[in-house]
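One-letter residues, chain by chain:
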Amino acid sequence: MTAFLLGMLGALVAAQLLLLGVLIGRRRRPAPPPEPAKPTLLQEQEAFRTLMHYSPEIAYGDSPGEEE
């Protein structure tokens, strides 16, 4: 009976140590970075207009048929 009680006591101590480790770990975790601000409707429209005029000439700086 004594062995059983000591075993239960050991299990409780082990569970408390595990819980203590979890609590300390949660407190020491760095805060998550803040979410970036969502773009406004005006910014989204401006980005769309900019992409509508995008072309290979803009991307690569030359016209598609040119040879060097």
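Just so we're clear, the structure is a prediction, and the values are computed from it rather than from any experiment.

Conventions adopted
Residues numbered from 1 in each chain as written. Predicted model: local features only at pLDDT ≥ 70, side-chain atom pairs only at ≥ 80, totals over all residues. Heavy atoms only, no water. Helix = DSSP H or I, 4+ residues; strand = E, 2+ residues; numbered from the N terminus. Buried < 20%, exposed > 50% of the residue type's maximum accessible area, 1.4 Å probe, protein only. Areas by Shrake-Rupley, 256 points an atom, 1.4 Å probe, with all protein chains shown as cover. Salt bridge = Lys/Arg side-chain N within 4 Å of Asp/Glu carboxyl O. Patch = residues over 30% accessible without salt bridge, like charges linked within 9 Å, V, L, I, M, F, W, Y side chains within 5 Å. pLDDT = per-residue confidence, 0-100.

1. Brief notes about the overall build of the protein chain
Scanning the protein chain from terminus to terminus reveals three helices and zero strands. The proportion of buried residues among the 68 residues of the protein chain is 1%. Of the roughly 7,100 Å² of accessible surface on the protein chain, 66% is carried by carbon and sulfur atoms.

2. A word on the pattern of salt bridges
Opposite charge on two side chains permits pairing when their charged atoms draw close. With the rule as written, the count across this model stands at one salt bridge. Residues Arg-49 and Glu-46 are paired through a salt bridge, measuring 3.7 Å at the closest nitrogen-oxygen approach. Taken together, the residues Arg-49 and Glu-46, both in helix H2 (residues 41–52) and three residues apart, mark about one turn of the helix.

3. So, a nonpolar patch on the surface
On the surface, Leu-6, Leu-9, Val-13, Leu-17, Leu-20 and Ile-24 cluster together into a nonpolar patch covering about 580 Å² of accessible area. Examined against the element boundaries, Val-13 turns out to sit in helix H1 (residues 2–28). A relative accessible area of 40% means that Val-13 is categorised as partly exposed.

4. Details of the confidence of the model for the protein chain
The predicted model of the protein chain has a mean per-residue pLDDT of 86, with 90% of residues at 70 or higher. Here helix H3 (residues 56–60) stands out as the element of the protein chain with the lowest mean pLDDT, 74, in contrast to H1, whose mean of 95 is the highest.

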